[in-house]
Amino acid sequence: MIKNYLKTAFRSFGRHKLFTFINIIGLSIGISAALIIYLIVHYDFTFDKFHKDGDRIYRVVTNFTFEGQPAYNSGVSGPIPGAVKTRVTGVDVSAPLFTLYQTDTYVPGSKGKVKFKAQNDITVADQGYFNIFQYMWLAGSAQTALNGPNQVVLTSTRAKKYFPGLTFDQMIGRIVIYDTIKTTVTGVVQTIRENTDFAFNDFISFATAGTNNDLKRRLSLYNWGGTSPERQLFVKLSPQSQAANIERQLNDVLKENEVRRPENKGNTHTLHLQPLNDIHFNANYGTFNGHVANKATLYELFAIAVFILLLGCINFVNLTTAQGARRAKEIGIRKTMGSSRQQLVAQFLSETFLITLTAVLISTAMAPVILKFFDGFVPADIKADIFNQPAVLLFLLFLLISVSLLSGFYPALVLSGYKPVSVLKNQALSHDNKTRNAWLRKSLTVTQFVIAQFFIMATVLVSKQIYYAVHKDLGFKKDAIIIVNSPWKNRSASLNQVFINKLRAIPQVDLVSAGRDAPISDDGHSTQATYRDGKKEVKTELGLKFGDENYIRVYKIKLLAGRDLQPGDTSKAFLINNTYARMIGFQDPRDAVGKQIDDFNGDKPMRIAGVVSDFHQESLHAPIAPLAILTSTNLYFNGTFHIALKPQRTGSDDWKQAIVSTQKVYKELYPDDDFEYRFFDESIATLYQTEQRTSTLLSWATGLSIFISCLGLLGLAMYTTSLRTKEIGVRKVLGASVSQIVKLLSTELVSLVILAFVLVTPLAWWAMSKWMQNFADKTTISWWIFALSGAGMLLTAFLTLSFQTVKAAIANPVKSLRSE
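Remember, it's a predicted structure, so these values are computed and weren't measured experimentally.

*Asks:* Any chance you could break down the sheet that holds strand β23 (residues 640–645) for me, citing the residues and the numbers?
*Replies:* Reading across from one edge, β15-β23-β14-β24 is the order of the 4 strands in this open sheet, with antiparallel pairing throughout. At either margin of the open sheet sits one strand with a lone partner, and together these are β15 (509–515) and β24 (677–679). This sheet shows a mean twist of 20 degrees between the axes of neighbouring strands, independent of strand direction. Both strand β14 (residues 481–485) and β23 contribute to a ladder of 5 bridges, which runs antiparallel. Counted as the bridge partner of asparagine 485 is threonine 640 from β23. Sheet contacts for helix α17 (residues 493–504): β14, β15 and β23; angle to β15, the most-contacted strand, approximately 165 degrees.

As structure tokens, then:
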């Protein structure tokens, strides 16, 4: 029986080659999109799912509120890990971590020390870490590896890098030096191959702080007031423990030891437990590697995949039911010869299954090629051995079965339901447009174009907002400025000044300023500040930018009142923006000059030297906030150099020469460090990476949805013209023009596109309004977005129809009427 089903299916494909081709292409595109998006979504949703007892593992995080404004920190103060071990019950294991960044590592060998510059993924940990997170031990053991000072455990990847040619057992006892920390290798573990945010490669024993004063200082083991993302704490709760109870105990300990200042009245400082499965998705606290996935974006991707797959299925249903009349006699004869309805359903489902199987095979073959088009935001891990993952094969099987049923079940019921007597009297065809099948096809066609036009409108709006954000006047100069950071370990005030003087001597350099971050960045600093005028008190969180007397000149930030910064202003005076001036009650910036801000940074007053115009300090997602610009002698705030270049002469390579000269100066002063720079305007563009990725995906979704919809429309046009071939011939004989015939054949289908436009416009407007709420400063949702999308879709649909309608209209009527 199965053999007969296959024979019949292949004969049907041969008789209807074009319709079969359209169905395969439509389903292939839908399945390809679903597969690629599944790989992306599955990648993020599988992070750290492999840990044993993962539902009992939490990260202790810190929440603050300042004047009602929330702030979040993934770290804890230094004494918290010790307090958890002695004061908190219900915790099976706790594991403090202190992350080291940009650490120079030295490995002594027979030919001297081998240096590995600026290593990352290094952490200070104790045995608790390996009791919470399970690793495969290749040498050493979890019980003894980190129980003493000056010990280190390496992953297999890092161990091979440090000690090439040695076995893991031979590496035990070898020396590795991290800056000033000398350690002995006591264990090697297998590098985690699953998706994880815990990508550490070097684990230095926590007890090392007892023998290294610099590390002890950085751990701040007795400072209850300092919180840093570098110091994190993980806990594994006992099976019967409740997270709420542990949080209550943690905050009781914090209240007992926290130093409360009068100026902090009304502010809050609390500890919370963050579940392990939330770490990869929570941008408030972040991850160790900086990669935070957005669940909303992943769900949006999933929705896009469903819609594109649905378009392919709609095409199949439409075309299969539309051409069902051509198989009516076949069905009638089969029923007359004794075929049951169940056998006919099985026959039609087997045909659908074969078409879907072909589409799945095509999609599978195309997947590696398609992934190359998404190199910008598809992690490399996804592209490696995608078909060696059991989950991917199961997903393909799920697609094969679900798409076969979704696409084939209804057409199979419709076709198998034809009555033999009516079919053999040619009555099935004449009543087709009066049945619910015609209405279903129209409804599905409208649905296709609703989806396609929604994607068009969304793509246009997202592109418009990105263009607005990147090209908007942000309140400062952003082109022809390069930013260079000096190495932290070799940073000094004298060396900074030498670097500045040498940079100023470069002919292509206009101005140089030393400070911290640029006017707009994602690396912000803030503090508490209070203004009192005798009648009122205004206390707020004040953003901080650090720069010297040339900072606002480099970025051409307008000085509205007062004077610029001076070298002697450190800890005495600063500039504020106009937003802060208005917040403390000065509508005229000149009135704010000379006023005093009390309790700046908790303890000292500062004088307002001048007021600058407002500028954006973050992406347009955030509003312009109160801000101060000040000088500082702290080297942490004086290691970034902002270099304004002179205008580049036409046809010259002035900027390239400036960069080469800057690199030469840098290597003179810091010969052991790598020179890195970035153009400021390129940094601004990176603030909108999420939106740019969304725009790229929407563009692909739009193109695919239009293509699939037009394929279906072309198939329906071919079906319609084939049914009306003789009618067209008669009309031409009676004098109808080509344009009249084209209008006759196109009107109904074009009206469906117009109806789709009417239905989708309010839906798209609502969705766009919701999306635009993510931006504090945004473009307008212009009427032309909808008009352009509707007109573009209508024109595309009409051109698609014209391929078939014009061909039918110019055909010789003699050929169509010859058999009459």
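On we go.
*Asks:* Help me get a handle on the packing of aromatic side chains, residues and values and all.
*Replies:* The geometry of an aromatic ring pair is captured by two quantities: the separation of the ring centres and the angle between the planes. Tallied over the entire structure, the rule returns 40 aromatic pairs. Between phenylalanine 200 and phenylalanine 288, the aromatic rings sit 4.7 Å apart at their centres with planes inclined by 65 degrees, giving edge-to-face as the arrangement. Of this pair, phenylalanine 200 sits in the loop between β10 (181–189) and β11 (202–205) while phenylalanine 288 is found in the loop between β13 (268–275) and α9 (295–322), placing the two residues 88 residues apart along the sequence. Of the residues examined, phenylalanine 200 reaches a relative accessible area of 5% and is grouped as buried. In this structure an aromatic cluster arises from ring pairing among Tyr129, Phe130, Phe133, Tyr135, Trp137, Phe198, Phe200, Phe203, Phe234 and Phe288. One residue, lysine 113, lies across the ring of tyrosine 106, its end atom 5.9 Å from the ring centre. The residue whose ring lies beneath lysine 295 is phenylalanine 281, and the NZ or CZ to ring-centre distance is 4.9 Å.

*Asks:* Lay out the pattern of salt bridges in plain terms, naming residues and giving numbers.
*Replies:* The tally for this structure, following the rule as stated, stands at 16 salt bridges. A salt bridge links glutamate 748 to lysine 442, with the nearest nitrogen and oxygen atoms 3.0 Å apart. Separated by 306 residues along the polypeptide, glutamate 748 in helix α25 (residues 738–772) and lysine 442 in helix α16 (residues 436–471) bring together distant segments of the chain. Looking at glutamate 748, the relative accessible area reads 38%, which means it is partly exposed. One continuous salt-bridge network, built from bridges that share partners, spans Asp53, Arg56, Asp92 and Lys236.

*Asks:* Can you explain empty space enclosed by the protein? Please cite residues and give values.
*Replies:* Evaluated as defined, the whole model comprises 2 cavities of 30 Å³ or more. Considering only enclosed or pocket space, the second largest cavity measures out at about 60 Å³ in volume. Along its surface, the second largest cavity is lined by Val76, Ser77, Gly78, Pro81, Pro96, Leu97, Phe98, Phe206, Leu219, Leu221, Arg231 and Gln232. Secondary-structure elements contributing two or more residues to the lining of the second largest cavity are β3 (91–100) and β12 (231–237).

Procedures and definitions
Residues numbered from 1 in each chain as written. Predicted model: local features only at pLDDT ≥ 70, side-chain atom pairs only at ≥ 80, totals over all residues. Heavy atoms only, no water. Pairing = 2+ DSSP bridges. Helix = DSSP H or I, 4+ residues; strand = E, 2+ residues; numbered from the N terminus. Axes fitted to C-alpha atoms, helices over the stretch in contact; angles between N-to-C directions. Contact = heavy atoms within 4.5 Å. Phe/Tyr/Trp six-rings, centres within 6.5 Å; stacked < 30°, edge-to-face > 60°. Buried < 20%, exposed > 50% of the residue type's maximum accessible area, 1.4 Å probe, protein only. Lys NZ or Arg CZ within 6 Å of the ring centre and 35° of its normal. Salt bridge = Lys/Arg side-chain N within 4 Å of Asp/Glu carboxyl O. 1 Å grid on protein atoms, 1.4 Å probe; cavity = no way out; pocket = protein on both sides within 12 Å on 5 of 7 lines; lining within 4 Å. Points joined across faces, edges and corners; volume = space filled by probe spheres on them.

Nothing here speaks to function; it is geometry throughout.
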